[in-house]
Amino acid sequence: MNLDTRARDAIEETLQASGDVETGLAALRRTRRRRTATRLGVLVVAIGLALSGALLRDHRTRPEPAPPPGPMRSGIMLSLNVDQVVETVGSVRPGTLPAHALPTGPFQFTPDGHHLIYAWDRLVRSRDLISGDDQPLMPCPDRGCLVVVDPTGTKIATAHGGVLRVRDLESHGERHYDIGRDASAVSWALDGRSVALRTVGGKHQWLLHLDLESGKLTRLAQEADGIYTLPALSPDGTQLAYIEALGRGRQRMPLLRLVIVPTDGGPSRILHQVGQCYCMRYFPAVTWSPDGQRIAVTLSGTPRRSQVGGAVYTIRPDGSDWKLLLGGYFQDRLAWQPPLVSSQD
Amino acid sequence: MDRIGAQASPDVVEAGGRDFDAFYRAELPRLVALARGLCAPSLAEDVAQEAMLVTYRKWRTVAQLERPDLWVRRVCINLAVSTFRRRMVELRALTRLSARRDPTPLSQDTEEFWAAVRELPRRQAQAAALRFAYELPIADIAEVLGCSEGTVKQHLSRARQALGRTLQLAEGGDAT
């Protein structure tokens, strides 16, 4: 027997032993139908997952509707909740408040308490809290709207490339201050005469104070491990309050402490150990009362990861009388309204 | 020109294309034989069936080809020798295991013959299986394997020598 004969015999036997072709054909159709149904099922599940994911994302990013309004009052405190909704801290919500504000943009009252300067929808805006009129002041220069607005809402300051630019929104005049380092402006004193800056980049970051009249630049504090808050200048511009974080990188939850430093370059002083925070997205906020007698702080102050809300505490600038003002979901920013000055006064 | 990928003549297309059922009935037995020479006996029917499933899924396109038979044979040899694709076939076969009948046992001589083919280097085994299962001419084998006729002759020649040694047979016949 040679190879070809052996091969023919093998083929012949294999063909005879092959299964029933009609059964195979029926099985093929069944398999085809089953796989088609499986593919359709997978497709439906995938579409369902994609849709539910989109809905969840929309739900997560869509700000919640603001609560129903109430009458305008004097001396209210505002904060933002985790969905960037403007909230009143412990008082009825005035109907003229804007619904939302950007946590990284301006968020402050004018000295007469009539307007709120805030950023939303890529614009820096001024909201008249009596009439409810909303006036756009300028387009945000970047996504985070990292500008600081003077208390009257007529000047804005931005810092890039070692230069602080202060622009008058009415006259369009611009004044430049050489600050020597990349920095971002973070706070404008209520008297309008100075701004606080935070340096950007480098191994250590510094808080700086710039007198806008004399141009004097004072180095106030070196960031230890991280300054999470936007520091706040006191109404008279003589002190800067900020929250310092210790242990960032060594612990997952840094220790936070409220620190105050005089803007003339004097030594800083720890006012209060304020707790711990994961601070993954929502950072503590600091503000001064309009009369400069109290500092308000919002922070989670809890080791519970799941808690994203923040209570508001207040303390005197000498470190005494730390007390809880209100628990809730206040985060990111605080603004304390000066007493409303009547236009007829 | 590659006739596997070529379009059928207009008269075939105009006649409403080919009938898959007839194609299946004509092709499956030898496709199983082809698979026998390339993968384990327990998988041969599944590999052949899988090749037919691929063909069925693409039948509207495949039916327009000049040589759909060569196309399905190429799918079959690719399925049989690709590790990943064979694993997929094995997985699917496992899911059908309870309902599937065992492959019909073949005589010892036939099993030895297919085992000898499977032990050949991959391309030699493919060329030999196509030659033995279909008695394909060199040109068709070259087309299915996607190589030149000279290369096919070389593979077949070496395959015959190796099979002759393994099965202790006279080579006989013409390698080409």
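What counts, and where the lines are drawn
Residues numbered from 1 in each chain as written. Chains lettered and ligands numbered in written order. Predicted model: local features only at pLDDT ≥ 70, side-chain atom pairs only at ≥ 80, totals over all residues. Heavy atoms only, no water. Helix = DSSP H or I, 4+ residues; strand = E, 2+ residues; numbered from the N terminus. Expected span 1.5 Å × (residues − 1). Buried < 20%, exposed > 50% of the residue type's maximum accessible area, 1.4 Å probe, protein only. Salt bridge = Lys/Arg side-chain N within 4 Å of Asp/Glu carboxyl O. Phe/Tyr/Trp six-rings, centres within 6.5 Å; stacked < 30°, edge-to-face > 60°. Lys NZ or Arg CZ within 6 Å of the ring centre and 35° of its normal. pLDDT = per-residue confidence, 0-100. Contact = heavy atoms within 4.5 Å. Disulfide = S-S within 2.5 Å. Axes fitted to C-alpha atoms, helices over the stretch in contact; angles between N-to-C directions. Parallel < 35°, antiparallel > 145°, perpendicular 65-115°, else oblique. Core = buried A, V, L, I, M, F, W, Y, C linked by side-chain atoms within 4.5 Å. Pairing = 2+ DSSP bridges. Buried area = accessible area lost by both parts, 1.4 Å probe. Polar contact = N/O pair within 3.5 Å; in protein donor to acceptor, adjacent residues only side chain to side chain.

1. What about helix α5 (residues 68-81) of chain B?
All names here are of chain B. For α5, with 14 residues, the first-to-last C-alpha span of 20 Å sits near the 20 Å given by 1.5 Å per residue. Counting buried residues in α5 gives 11 out of 14 residues, a clear majority hidden from the surface. When we look at burial in α5, the residues that qualify are P68, D69, L70, W71, V72, R73, V75, C76, I77, L79 and A80.

2. Section: the pattern of salt bridges
Considering all chains together, one arrives at 19 salt bridges over all chains under this definition. Among the salt bridges present, the one from R25 of chain B reaches E22 of chain A, with a minimum N-O distance of 2.3 Å. Of this pair, R25 of chain B sits in helix α2 (residues 20-36) while E22 of chain A sits in helix α2 (residues 21-61), which puts the two residues in different chains. Classification of E22 of chain A by relative accessible area gives partly exposed; the value is 39%. The salt bridge involving R67 of chain B is made with D69 of chain B; its shortest N-O contact spans 3.0 Å. Several salt bridges share partner residues, and in doing so they unite E27, R67, D69, R73 and D140 of chain B into one network.

3. Some remarks on the packing of aromatic side chains
Within the structure shown, the criterion is met by eight aromatic pairs over all chains. Geometrically, the ring pair formed by F113 of chain B and W114 of chain B is edge-to-face, given 5.2 Å between the ring centres and 65° between the ring planes. Accessibility classification places F113 of chain B together with W114 of chain B in one group, the buried group. Here the aromatic cluster, defined as three or more aromatic residues joined through ring pairs, consists of F20, F23, Y24, Y56 and W59 of chain B. Over the face of the ring belonging to W206 of chain A we find R219 of chain A, whose NZ or CZ atom lies 4.1 Å from the ring centre. One residue, R73 of chain B, lies across the ring of Y134 of chain B, its end atom 3.7 Å from the ring centre.

4. Considerations on the confidence of the model for chain A
Here chain A averages 79 in pLDDT, while 80% of its residues score no lower than 70. Every residue in residues 301-308 of chain A is under pLDDT 50, and counting partners more than four places away or in other chains gives 15 contacts.

5. What to know about unusual backbone geometry
All names here are of chain A. Located in the positive-phi region is D121, a residue other than glycine, with phi close to 55°. Tracing the chain through its elements places D121 in the loop between β4 (115-120) and β5 (123-128). The phi angle at D321 is positive, at roughly 60°, despite the residue not being glycine. Counting through the fold element by element, D321 comes out in the loop between β22 (311-315) and β23 (323-326).

6. Points about the side chain of D69 of chain B
Residues and elements named next belong to chain B. With respect to the helices, strands and loops of the structure, D69 is situated in helix α5. Among the residues examined, D69 registers a relative accessible area of 16% and is labelled buried. The contacts of D69, once residues within four sequence positions are left out, are F23 and E27.

7. Focus: the state of the cysteines
All names here are of chain A. Counted under the stated rule, the structure contains one disulfide over all chains. Sulfur-sulfur distance for the disulfide between C140 and C145 comes to 2.1 Å. The chirality of the disulfide connecting C140 with C145 is left-handed, given an S-S dihedral of about -80°. Owing to a relative accessible area of 15%, C140 belongs among the buried residues under this scheme.

8. Description of the packing of helix α9 (residues 138-145) of chain B against helix α10 (residues 149-167) of chain B
Angle between the axes and distance between the axes: these two values describe a pair of packed helices. All names here are of chain B. Where α9 meets α10, the closest approach of the two axes is 9 Å, and the angle between their N-to-C directions is 100°. Taken together, the axes of α9 and α10 lie roughly perpendicular to each other. When α9 is examined against α10, the residues I138, A139, I141 and A142 are found in contact with a partner set consisting of E149, V152, K153 and L156.

9. A closer look at the nonpolar core
Core analysis: the largest hydrophobic core is formed by 67 residues, its most contacted members being L31, L34, M52 and F113 of chain B. Looking at which element gives the most residues to this core, the answer is α2 of chain B, with nine residues. Dropping the residues within four chain positions of it, L34 of chain B is found in contact with R73, C76, I77, A129, L130, A133 and Y134 of chain B. Membership of the second largest hydrophobic core comes to 15 residues, among which are Y177, I179, W188 and L197 of chain A.

10. Brief notes about the pairing of strand β17 (residues 239-246) of chain A
All names here are of chain A. Of all eight residues that make up β17, six are buried, and the element is covered over most of its length. Summarising the sheet, strand β16 (residues 232-233) and β17 pair through two bridges and their orientation is antiparallel. Opposite L233, over in β17, you have L240 as the bridge partner. Counting the residues that bridge the hairpin from β16 to β17 gives five residues, and of these G237 lies at a positive phi of roughly 75°. One ladder, built from eight bridges, connects β17 with strand β18 (residues 255-262); its direction is antiparallel. Each bridged residue has a counterpart across the sheet, and for Y242 the counterpart in β18 is V259.

11. With respect to the sheet that holds strand β9 (residues 163-168) of chain A
Ordered in space as β7-β8-β9-β10 (chain A), the four strands form an open sheet in which the pairing is antiparallel. Strands at the two margins of the open sheet, each flanked by one partner only, are β7 (148-149) and β10 (174-178) of chain A.

12. Points about the interface of chain B and chain A
Opposite the 38 residues of chain B that make contact, chain A presents 28 residues. Between chain B and chain A the total buried area reaches about 3,000 Å² when both faces are included, carbon and sulfur atoms providing 60% of it. If you look at where chain B meets chain A, you find six salt bridges. Linking chain B with chain A are 13 residue pairs in polar contact (both at pLDDT 80 or more). Mapped by element, the contributors of at least two residues to the side of chain B that touches chain A are α2, α3 (41-57), α7 (108-118), α8 (122-134) and α10 of chain B. Take the side of chain B that touches chain A: its biggest share by element is eight residues, from α2 of chain B.

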